[in-house]
Amino acid sequence: MFKKTRKKLTVFYSTCFLGFFFVFLVILYFSLVQLMDHQQMEELETYYTEQYHDFFEHMYDQDRKLEFNPNRLYFYYIYTKEQRLVHGDETYKGLYKEIESIYSVEDTSESFVKRLHWHDEHFLLLSKPIHFEEELLGYIVLGKSTTSQYHFFQKMLLLFVVLVIIFTLFIGFLSYYMAGKAMVPIENALEKQKNFVSDASHELRTPLSVFYSSLDILAADESKNVSDFGKELIQDLKDEAELMKELLEKLLFLARHYQNRLEVKKERFSLTDLLGSISEKFQRTLREEIVFQTDIEKDVQLIGDPKKIIELIYILLENAVQYTPHGSISLKLSQTDEKIKIVVEDTGIGIAKDELPLIFDRFFRSDAARKRDGTGLGLSIAEAIVKEHGGMIQVQSELGKGTTFCTLFPSIKH
């Protein structure tokens, strides 16, 4: 139980950290990208102001003039409103052809920003119109290579992924360690509780046996005048002592199970015959308002303690009777190559969804169960018996429609 809780805490802490760290890195990454873009746009805007006069200087040139300088940080191309290139300074030969193919369908009267991927290079482009006395004369396309920044952010993104993985693993180990430390006081407290229940149950058996025997002697001693009322009191005390003895035996059984000190004498027996015998006896005790049905597969054998299996089945059947005022109860047995399945199903009042995870806890009783007799140990004992036989027990229920307990045991390997 504690290992499962420890793992859940580890997963929860690691997931929370991963979520916060991931959000932080995403915000950081996009903030840096936006900051870099903003800085580059400001630089392009400044460069536009510097090259603005070139349009008026070359607007009447018949031949376009392109200067090539690969060492420049920025490049620009000046076009007339008819999209005729008149002048430009370029850092990559032939780039203007690619740009013209892009801007041939664009509205050059408006400013806009574009990113371009060309020959394994990445560029940031800014297009701005040129006006004179509110008349559109042409436009300038400015740009710069952002390849180095692009590769930088690629590497940074890869670094972030690696950091997320590394720190998640680190937090996972740290969370597992801290969860273990946090569970130590709880484990110690539960261990003391288990020891107390075991010791108390064991020590109380002797005085309870003496008390019960003394009541037997007192009831059998005819030399003393005991009134009818006194005899009734003695009988009541014997009944309560019997209930107390039964409760102590149940607590001792659970305590030994939790401490892995329970000895179960296992043998091979016919589960088919056992369930058939239980069904016949159970049928005779049922009220007329309840219909009992069985579907028991033949020749099913199990290795286990027959007495404990009988106790298990009676717990499930009596639980079904207790919560089925009228309707039907069914007992089914089937077998596959891997599993032996025992199903107890009723059409009773059902169990609330929020109570289903708690029904196997010791002393737990639902609001409906509090109106009935019982110690709240039956299903805890049933679960313990199933686990001692290497099986598992599952429950499905819906309010007003009934409950189904499914017990699975490993099949005998022939």
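Shown above is the structure to which this text applies.
Attention here is on the structure that accompanies the text. (Residues numbered from 1 in each chain as written. Predicted model: local features only at pLDDT ≥ 70, side-chain atom pairs only at ≥ 80, totals over all residues. Heavy atoms only, no water.)

**Topic: the side chain of Asp 305**
Here is step 1: Mapped onto the elements of the fold, Asp 305 is located in the loop between strand E9 (301–304) and helix H6 (306–322).
Here is step 2: Here Asp 305 is buried and forms no salt bridge, its nearest opposite-charge partner Lys 308 lying at an N-O distance of 5.7 Å.
Here is step 3: Within the structure, Asp 305 has its side chain in polar contact with the backbone nitrogen of Lys 307 (distance 3.1 Å).
Here is step 4: With residues up to four places along the chain from it excluded, the contact list for Asp 305 reads Val 264, Lys 265, Lys 266, Phe 269 and His 389. (Helix = DSSP H or I, 4+ residues; strand = E, 2+ residues; numbered from the N terminus. Buried < 20%, exposed > 50% of the residue type's maximum accessible area, 1.4 Å probe, protein only. Lys, Arg positive; Asp, Glu negative; His and termini not counted. Salt bridge = Lys/Arg side-chain N within 4 Å of Asp/Glu carboxyl O. Polar contact = N/O pair within 3.5 Å; in protein donor to acceptor, adjacent residues only side chain to side chain. Contact = heavy atoms within 4.5 Å.)

**Comments concerning a negative patch on the surface**
Here is step 1: A contiguous patch of negative charge, built from Asp 228, Glu 232, Asp 236, Asp 239, Glu 240 and Glu 242, is present on the exposed surface.
Here is step 2: With respect to the secondary-structure elements, Glu 240 resides in helix H4 (residues 228–258).
Here is step 3: A relative accessible area of 51% places Glu 240 in the exposed class. (Patch = residues over 30% accessible without salt bridge, like charges linked within 9 Å, V, L, I, M, F, W, Y side chains within 5 Å. Areas by Shrake-Rupley, 256 points an atom, 1.4 Å probe, with all protein chains shown as cover. Charge placed at Lys NZ, Arg CZ, Asp CG, Glu CD.)

**Quick look at the nonpolar core**
Here is step 1: In terms of nonpolar packing, the biggest core is built from 39 residues, with Leu 271, Ile 309 and Leu 312 touching the most fellow members.
Here is step 2: Those elements that provide at least two residues to this core are helix H5 (271–285), strand E8 (290–296), H6, strand E10 (327–335), strand E11 (339–346), helix H7 (378–388), strand E12 (392–398) and strand E13 (402–410).
Here is step 3: In terms of residue count, H6 provides more of this core than any other element does, eight residues in total.
Here is step 4: For Leu 271, the contacting residues outside a window of four places in its chain are Val 300, Gln 301, Leu 302, Ile 309, Leu 333, Ile 340 and Ile 342. (Core = buried A, V, L, I, M, F, W, Y, C linked by side-chain atoms within 4.5 Å.)

**A closer look at the sheet that holds E11**
Here is step 1: Read across the sheet, five strands follow the order E8-E10-E11-E13-E12 without closing on themselves; strand pairing throughout is mixed. The two strands at the open ends of the sheet, each matched to only one other strand, are E8 and E12. In this sheet, neighbouring strand axes are inclined to one another by 10 degrees on average, regardless of whether the strands run parallel or antiparallel.
Here is step 2: Relative to E13, E12 runs antiparallel, the two sharing seven bridges. Each residue of the ladder has a partner; that of Val 395, found in E13, is Phe 405.
Here is step 3: This element, H6, spans E8, E10, E11, E12 and E13 of the sheet and lies at about 170 degrees to E13. (Pairing = 2+ DSSP bridges. Axes fitted to C-alpha atoms, helices over the stretch in contact; angles between N-to-C directions.)

**Considerations on H5**
Here is step 1: Compared with an ideal rise of 1.5 Å per residue, which puts 15 residues at 21 Å, H5 spans 21 Å between its outermost C-alpha atoms and is within 8% of the ideal.
Here is step 2: Listing the buried residues of H5 in full gives Leu 271, Thr 272, Leu 274, Leu 275, Ile 278, Ser 279 and Phe 282. Taken down its axis, H5 places every buried residue within 155 degrees of arc, on the same side. Residues of H5 that are exposed and angled more than 90 degrees away from the buried face: Asp 273, Glu 280 and Arg 284. (Expected span 1.5 Å × (residues − 1). Arc of directions from axis to C-beta.)

**Points about the pattern of salt bridges**
It is possible for side chains of opposite charge to pair when their charged atoms get near one another.
Here is step 1: The tally for this structure, following the rule as stated, stands at seven salt bridges.
Here is step 2: Measuring nitrogen to oxygen at the nearest pair gives 2.5 Å for the salt bridge that ties Arg 115 to Asp 37. With Arg 115 in strand E4 (residues 112–118) and Asp 37 in helix H1 (residues 2–58), this pair connects stretches of sequence that are 78 residues apart.
Here is step 3: Look at Arg 115 and you get partly exposed, because its relative accessible area is 48%.
Here is step 4: Of the charged contacts, one joins Glu 345 and Lys 332 as a salt bridge, the two residues approaching to 3.9 Å between their closest N and O atoms. In this pair, Glu 345 is assigned in strand E11 and Lys 332 in strand E10, connecting sequence segments 13 residues apart.
Here is step 5: Accessibility expressed as a relative area gives 31% for Glu 345, which makes it partly exposed.
Here is step 6: With relative accessibility at 34%, the residue Lys 332 sits in the partly exposed group.

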